[in-house]
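Architecture and fold: a report
Listed below are the residues making up each chain.
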Amino acid sequence: MDVVAAPAADRARAADAVIEVRGLWSVFPTPGGSPVVVHRDLDLTVRRGEVLTLVGGSGTGKTVLLRQMLGLNRPARGRITVLGRPVAELTSAGAAARVGMLFQQGALFSAFNVLDNIALPLRETRAVPDALAREAALLKLQMVGLQPGDALKMPAELSGGMIKRVALARALVMDPPLLMLDEPTAGLDPDSSDAFVALLRSLHQELGLTVVMVTHDLDTLFELADRVAVLAEQHVIVCAPVPEVLAFDHPFIRHFFLGERGQRAMELLNTRRHTEKGQ
Ligand SMILES: Nc1ncnc2c1ncn2[C@@H]1O[C@H](COP(=O)(O)OP(=O)(O)OP(=O)(O)O)[C@@H](O)[C@H]1O
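Here is what the cut-offs are and how they apply
Residues numbered from 1 in each chain as written. Predicted model: local features only at pLDDT ≥ 70, side-chain atom pairs only at ≥ 80, totals over all residues. Near = placed C-beta within 6 Å. Helix = DSSP H or I, 4+ residues; strand = E, 2+ residues; numbered from the N terminus. Nonpolar A, V, L, I, M, F, W, Y, C, P; charged D, E, K, R; others polar. Domains from an automatic or database assignment. Contact = placed C-beta atoms within 7 Å. Pairing = 2+ DSSP bridges. Axes fitted to C-alpha atoms, helices over the stretch in contact; angles between N-to-C directions. Buried ≥ 20, exposed ≤ 12 C-beta atoms within 10 Å, placed from the backbone. Parallel < 35°, antiparallel > 145°, perpendicular 65-115°, else oblique. Left-handed = near helix turned anticlockwise from the far one by under 90°. Core = buried A, V, L, I, M, F, W, Y, C linked by C-beta atoms within 7 Å.

With that settled, the discussion passes to the site of the ligand. As a structural note, the neighbourhood of the ligand is formed by Phe 28, Val 36, Val 38, Gly 56, Ser 58, Gly 59, Thr 60, Gly 61, Lys 62, Thr 63 and Val 64. When contributions to the shell around the ligand are tallied by element, the ones reaching two or more residues are β2 (36–47) and α2 (62–69). Element by element, the count of residues in the shell around the ligand is highest for α2, at three residues. Taken together, the residues that form the shell around the ligand break down as four nonpolar, six polar and one charged.

Written out as structure tokens, the structure reads:
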């Protein structure tokens, strides 16, 4: 029985995987010195429907890994598949229909108004008439909590929180099943950050998205993450729900989660959960 059951379980797990990273090596040359190995034989699986958060010390290669999972950086060695296909295919036209990306700074085009920024990925594919692209962009504008009256505003007129929302609407305009977020709350004040996290949480639930997120912000992590992948010593040392990660004995984990900052964030989260339960 076991002989038959094992491959079936493997197949089920593989079908559940939205991103698979196997045996990844990232190596960068240094001027005049020996090359820097950022990732060494790194494995990671992102499961359908989860919010997976990447954490690690500065320079451990979180952004490089995110860029590789988008097909923007080529690894020195290893295999990455996204939605069952080699990641290299993501650089082709129409990739925005499979993966939406929210870059750290929002990265809006300053010469385009809000609506045109959101519609851009749809227009680039030339797959739909312009009127439909505008309609889809307007729908996404409202989905991220902006008003129709914001459509004609220019990026320079927007607050930091609004820029993030426009960038999120653009990332979602082609209804991709997978969303990547690089430091989604960086640069936002605490209120805007809380509001943006609440928006991400409700969109994740409503749209059934799979989300990969890099963040240093513990409030954001505790609110959103189903699992946390910790990068250290050039690979993923643990990938699990927060309680299991906390039980993993490693200096980075102790410093990141259990230092003063981590204790504060956890207390805040527990108080919030307690209040929500009482309502
Ligand atoms: N194109 C490149 N050429 C050379 N080195 C690079 C390149 N891109 C990244 N690196 C190096 O790879 C390492 C990992 O960088 P990365 O930006 O992924 O770190 P990170 O974990 O995101 O750090 P942080 O938390 O500080 O943003 C760094 O040492 C960086 O200098």
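What follows continues from the structure just given.
The next subject is the domain arrangement of the chain. Taken domain by domain, the chain comprises domain 1 (2–98 + 176–278) and domain 2 (99–175). Tallying the contact residues gives 24 residues for domain 1 and 16 residues for domain 2. When contributions to the side of domain 1 that touches domain 2 are tallied by element, the ones reaching two or more residues are β7 (178–182) and α6 (190–207). With five residues, β7 is the largest single contributor of residues to the side of domain 1 that touches domain 2. Residue classes in the side of domain 1 that touches domain 2 are distributed as 18 nonpolar, three polar and three charged.

Pairing in this open sheet of four strands is antiparallel, and the strands run β2-β1-β4-β5 from one edge to the other. The sheet is open, and its two edges are formed by β2 and β5 (85–86), each paired on a single side. Where strand β4 (residues 77–82) meets β5, two bridges bridge the pair, whose relative direction is antiparallel. Residue pairing for β5: Val 82 is matched across the bridge by Arg 85. Docked against the sheet, α2 engages β1 (17–28), β2 and β4, running at close to 60 degrees with respect to β4.

Of note in the backbone geometry, Glu 183 takes a positive phi value of approximately 45 degrees without being a glycine. As for its position among the elements, Glu 183 is in the loop between β7 and α6. For Glu 183, a count of 19 C-beta atoms within 10 Å translates into the label partly exposed. Of note in the backbone geometry, Glu 233 takes a positive phi value of approximately 50 degrees without being a glycine. Counting through the fold element by element, Glu 233 comes out in the loop between β9 (227–232) and β10 (235–240).

This next bit is on the packing of helix α5 (residues 160–172) against α6. As a packed pair, α5 and α6 sit with axes 10 Å apart at the nearest point and diverge in direction by 20 degrees. With respect to each other, α5 and α6 are oriented roughly parallel. Handedness of the α5/α6 crossing: right-handed. Residues Gly 160, Gly 161 and Lys 164 of α5 form the contact with α6, whose own contacting residues are Ser 192, Ala 195 and Phe 196. Split by residue class, the contact of α5 with α6 holds two nonpolar, three polar and one charged.

Quick look at the packing of helix α3 (residues 114–125) against α5 now. Put simply, α3 and α5 touch, their axes get as near as 7 Å, and they point 30 degrees apart. Between α3 and α5, the angle is such that the two are roughly parallel. Judged by the twist between their axes, the crossing of α3 over α5 is right-handed. Of the residues in α5, those in contact with Val 114, Asn 117, Ile 118, Leu 120 and Pro 121 of α3 are Val 166, Ala 169 and Arg 170. Its residues assigned to classes, the contact of α3 with α5 comprises six nonpolar, one polar and one charged.

Judged by nonpolar contacts, the single largest core of 73 residues is most densely connected at Met 69, Ile 118, Val 173, Met 180 and Val 212. With eight residues, α5 is the largest single contributor of residues to this core. Mapped onto the domain boundaries, this core takes at least three residues apiece from domain 1 (2–98 + 176–278) and domain 2 (99–175). The contact partners of Met 69, leaving out residues within four places of it in the chain, are Ile 19, Ile 80, Val 82, Val 87, Met 180 and Val 212.

Successive residues of a regular strand alternate their side chains across the two faces of the sheet. Counting buried positions along β7 gives five out of five residues, so the element sits mostly inside the fold. Where burial is concerned, the two faces of β7 agree: the one with Leu 178, Met 180 and Asp 182 and the one with Leu 179 and Leu 181 are both buried. Pairing between strand β6 (residues 99–102) and β7: four bridges, direction parallel. Among the inter-strand pairings, Leu 102 is bridged to a residue of β7, identified as Leu 181.

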